[in-house]
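# Secondary and tertiary structure notes
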Amino acid sequence: MRRLRVARGLRQRDLAGDNISASYISFLEADRREPSSRVVREISERLGCPPEYLLAPEPAAGSAPDRTAAAQLRLARAALLIGELDDAVDGYQQALDDNPGKEDVLEEVEFGLARIAELQGRYADAVVAYEGCLRSAENYPQYTHWLGATLGLIRSLARAGDGDRALAEAERTQERIDALGLAVSDVTVELSSVVAAVWCERGDHEAAGVPIAQAMGVLPQLSERRQLVAVYWNASRAAYRDGRIGHALELAARVTDADTNDYRQTFGMLRAVYGGLLIRQTPARPEQARELLEQAIADLDSAGAIADAARCRNDLIRCLIMQDEAQAAHRMAGEMAADPRVPDLERIRCRLLDTTALSLLGDQDGARRACLDAQAELDALPDTAQSSRLWSQLGQVMTEIGETEAAIAAYRRAIQGLGMELPPTLLPNRPQPATARAAERPARSGNRHGSRA
């Protein structure tokens, strides 16, 4: 039942219904309840399979994958690491189909699909998927992705705009990894980077500077590879002595697996957050920020972190505008907008930045087109805290290029997206694009180096 549910992208509560709770579904999947024939029939309908399929005997759960399964999982992970995400999805799905009932295969697939959702910028889906991984960690003592799923959940919460929960989870996780002896490790650097990113997003640059300083203090101690390996080895042995077999295996894997010993994504995230902080603080330091952001993009690209790299590129575009290199900024924005791998929110951000670059280059028609493209893409997205911020930014940019009516509509959408009620007299029938009459008005250029850049 669990294998079919994961394969169909369903959550436990999706199988719940009349007289069947999500907690009961969890008990069934953990083999802690014996379902009645009625329950089996209802669940099979939701899973799209015959009831007999759920009752058929399968290989014992928890058995080690055979060579075929091991090869499938290794190849799927390799595809994930090099950014071939469609191939990774196919590989994980094939491993799942070929090895029904094998708990460790399901564990790898579940974590791999969560990682893919995060890399694709589908942060809300990634949150749900990582939460599923952590529920598995609670039910199965030998689960080997607790730390990876926890870090993924915190990153995805921050990217999805749930900063409060990301900060709370980061604090709890830091306490746990300190207890494991990982206070000086790449995990601490990663947590600090995410916490700093949340504070940057909220505009509290002073608060963001604290975790950045902490991470920069840890970073030199990670330069000695042998020392870092020893940290994980000691933590793994301690977990094993305490009977936490899953933790021990996961920590040992960070010693033995080549891909988990590659810290480019961790260091890239730190450089990206630090560079973003430098261009947002007062006074801004775009020269230093540019060097950090370029290094971060190289790290994140090589690590296959598509969404994080796109976010970093947008900060580099912002930096180029601040350095009077509008043409280079426009060129980079065009490349991002044309890349189908770039997540929707980051592509919209790059279009808004491109509007400023085009305005500085004197191409007001191009600036309007970029605004309208951003507006069309935003219209297709659901209302969230993130999309509300983008509507607000669109309103700022529309104001700068003289599209006052469209700017007002964008601001209204931003307010509505936050769930705030507007008086009926202020509610438009629907957001309207810039009118032809408005397009004929002389456009005003924006602030050359303001925060809107």
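Residues numbered from 1 in each chain as written. Predicted model: local features only at pLDDT ≥ 70, side-chain atom pairs only at ≥ 80, totals over all residues. Heavy atoms only, no water.

## Quick look at the overall build of the protein chain
Filter applied, for reference: Numbering of helices and strands runs from the N terminus; a helix is a DSSP stretch of H or I covering at least four residues, while a strand is a stretch of E covering at least two. Only protein chains enter the calculation, and the probe is 1.4 Å; a residue is then buried if its accessible area is under 20% of its type maximum, exposed if over 50%, and partly exposed in between. Contacts: residue pairs with any heavy atoms within 4.5 Å of one another. Each accessible area value is a Shrake-Rupley result obtained with a 1.4 Å probe; residue values ignore everything except the protein chains displayed when judging cover.
Looking only at helices and strands, one finds 24 helices and zero strands in the protein chain. Within the protein chain, the fraction of its 453 residues that count as buried is 48%. Long-range pairs, those at least 24 residues apart, make up 63% of the contacts in the protein chain between residues at least 6 apart in sequence. Of the accessible surface of the protein chain, which amounts to about 21,500 Å², a share of 51% is contributed by carbon and sulfur atoms.

## A word on the nonpolar core
We apply this condition: Definition of nonpolar core: a set of buried residues of the types Ala, Val, Leu, Ile, Met, Phe, Trp, Tyr and Cys, connected through side-chain atoms within 4.5 Å.
Core analysis: the biggest nonpolar cluster contains 92 residues, and Leu-182 and Ile-317 have the highest contact counts within it. The dominant element in this core, judged by the number of residues it contributes, is helix H18 (residues 306-322), at ten residues.

## Here we look at the side chain of Ser-193
Tracing the backbone through its elements, the reader meets Ser-193 in helix H12 (residues 186-201). A relative accessible area of 0% means that Ser-193 is categorised as buried. Sequence-distant contacts of Ser-193, that is, excluding residues within four places in its chain, are made with Met-269, Leu-270 and Val-273.

## Observations regarding the confidence of the model for the protein chain
We apply this condition: Each residue carries a pLDDT score, the predictor's own confidence in it, on a scale running from 0 to 100.
Per-residue pLDDT for the protein chain has a mean of 81; in total, 86% of the residues score no lower than 70. Averaged pLDDT values over the elements of the protein chain bottom out at 37 in helix H24 (residues 436-439) and peak at 94 in helix H19 (residues 326-338). Considering only residues more than four positions removed or in separate chains, one finds that residues 59-65, a stretch of pLDDT under 50, has 16 contacts. Across residues 422-453, confidence stays below pLDDT 50; counting only partners more than four residues off in sequence or on other chains, it has 58 contacts.

## Focus on the environment of Ala-380
Mapped onto the elements, Ala-380 comes out in the loop between helix H21 (364-379) and helix H22 (385-400). Judged by relative accessible area, Ala-380 falls into the exposed class, the value being 64%. Put simply, Ala-380 and Asp-344 are 36 residues apart on the chain and 9.9 Å apart in space, counted from C-alpha to C-alpha.

## Looking at the packing of aromatic side chains
Note the following rule: The aromatic pairing rule takes the rings of Phe, Tyr and Trp, using the six-membered ring of Trp, and pairs them if the centres are within 6.5 Å, calling planes under 30 degrees apart stacked, those over 60 edge-to-face and the rest tilted. Whether a charge sits over a ring comes down to the Lys NZ or Arg CZ being within 6 Å of the ring centre and within 35 degrees of the ring normal.
Applying the stated criterion to the full structure yields one aromatic pair. Between the aromatic rings of Phe-111 and Tyr-130, the centroid separation amounts to 6.3 Å while the plane-to-plane angle is 55°, which identifies the pairing as tilted. Highlighted residues: Phe-111 in helix H8 (residues 103-119) and Tyr-130 in helix H9 (residues 123-139), separated in sequence by 19 residues. Residues Phe-111 and Tyr-130 agree in their burial class; the two are buried. If you follow Arg-202 out to its NZ or CZ, it ends over the ring of Trp-199, 5.6 Å from the centre.

## Thoughts on a negative patch on the surface
To keep it simple, the criterion reads: Note on patches: the residues involved have over 30% relative accessible area and no salt bridge, like charges join within 9 Å, and the nonpolar side chains Val, Leu, Ile, Met, Phe, Trp and Tyr join within 5 Å. A pair is scored as a salt bridge if a Lys or Arg side-chain nitrogen falls within 4 Å of a carboxyl oxygen belonging to Asp or Glu. Charge assignment in this entry is limited to Lys and Arg as positive and Asp and Glu as negative, and neither His nor the chain termini are counted. Lysine's charge is taken at NZ, arginine's at CZ, aspartate's at CG and glutamate's at CD.
Side chains of Glu-84, Asp-86, Asp-87 and Asp-90 sit close together on the surface and give a patch of like negative charge. Mapping Asp-86 onto the fold places it in helix H7 (residues 85-98).

## Quick notes on the pattern of salt bridges
A side chain of one charge can pair with a side chain of the opposite charge if their charged atoms are brought near each other. Taken as a whole and judged by the stated rule, the model has 30 salt bridges. The closest approach of N and O atoms between Glu-131 and Arg-165, which form a salt bridge, is 2.8 Å. Here Glu-131 is found in helix H9, whereas its partner Arg-165 is found in helix H11 (residues 163-179), with 34 residues between them in sequence. A relative accessible area of 29% places Arg-165 in the partly exposed class. The partner of Arg-311 in a salt bridge is Glu-346, with the nearest N and O atoms 3.3 Å apart.

## Description of the packing of H8 against helix H10 (residues 146-159)
Heads up, the condition is: Note on method: axes are straight lines fitted to C-alpha atoms, helices fitted across the in-contact stretch only, with angles between N-to-C directions ranging 0 to 180 degrees. Angular relationships are summarised with four words: roughly parallel below 35 degrees, roughly antiparallel beyond 145, roughly perpendicular across 65 to 115, and oblique for the angles in between. For any helix crossing, the convention is left-handed if the near helix is rotated counterclockwise from the far helix by under a right angle, and right-handed if that rotation is clockwise. Each residue is assigned to one of three groups, with Ala, Val, Leu, Ile, Met, Phe, Trp, Tyr, Cys and Pro labelled nonpolar, Asp, Glu, Lys and Arg labelled charged, and all others, Gly among them, labelled polar.
Contact geometry for H8 and H10: axes closest at 11 Å, N-to-C directions at 25°. Classified by the interaxial angle, the pair formed by H8 and H10 is roughly parallel. The way H8 lies across H10 gives a crossing that is left-handed. Here H8 contributes Phe-111, Arg-115 and Glu-118 to the contact with H10, which in turn contributes Gly-148, Ala-149, Gly-152, Arg-155 and Ser-156. When the residues that make up the contact of H8 with H10 are grouped by side-chain class, the tally is two nonpolar, three polar and three charged.

## Some details on helix H17 (residues 286-302)
Here is the rule we go by: Working rule for helices: expected span equals 1.5 Å times residues minus one. Note that the arc is defined by the directions from the helix axis to the C-beta atoms.
The first and last C-alpha atoms of H17 sit 24 Å apart over 17 residues, in line with the 24 Å expected at 1.5 Å per residue. Buried residues of H17: Pro-286, Ala-289, Leu-292, Leu-293, Ala-296, Ile-297, Asp-299 and Leu-300, and no others. Viewed end-on, H17 has its buried residues packed into an arc of 165°, placing them on one side of the element. Exposed and facing more than 90 degrees away from the buried side of H17 are Glu-287 and Glu-291. Looking at the packing, one finds that the buried side of H17 touches helix H16 (264-280) and H18. Gly-304 sits one or two residues past H17 and shows a positive phi near 75°.

## Focus: the packing of H19 against helix H20 (residues 344-360)
Interhelical geometry of H19 versus H20 gives an angle of 150° and a closest axis separation of 9 Å. Relative to H20, the element H19 is oriented roughly antiparallel. Taken as a pair, H19 and H20 cross one another with a handedness that is left-handed. The segment H19 lies against H20, with Ala-326, Ala-329, His-330, Ala-333, Met-336 and Ala-337 engaging Glu-346, Arg-347, Cys-350, Arg-351, Asp-354, Ala-357, Leu-358 and Leu-360. When grouped by side-chain class, the residues that make up the contact of H19 with H20 number nine nonpolar, one polar and four charged.

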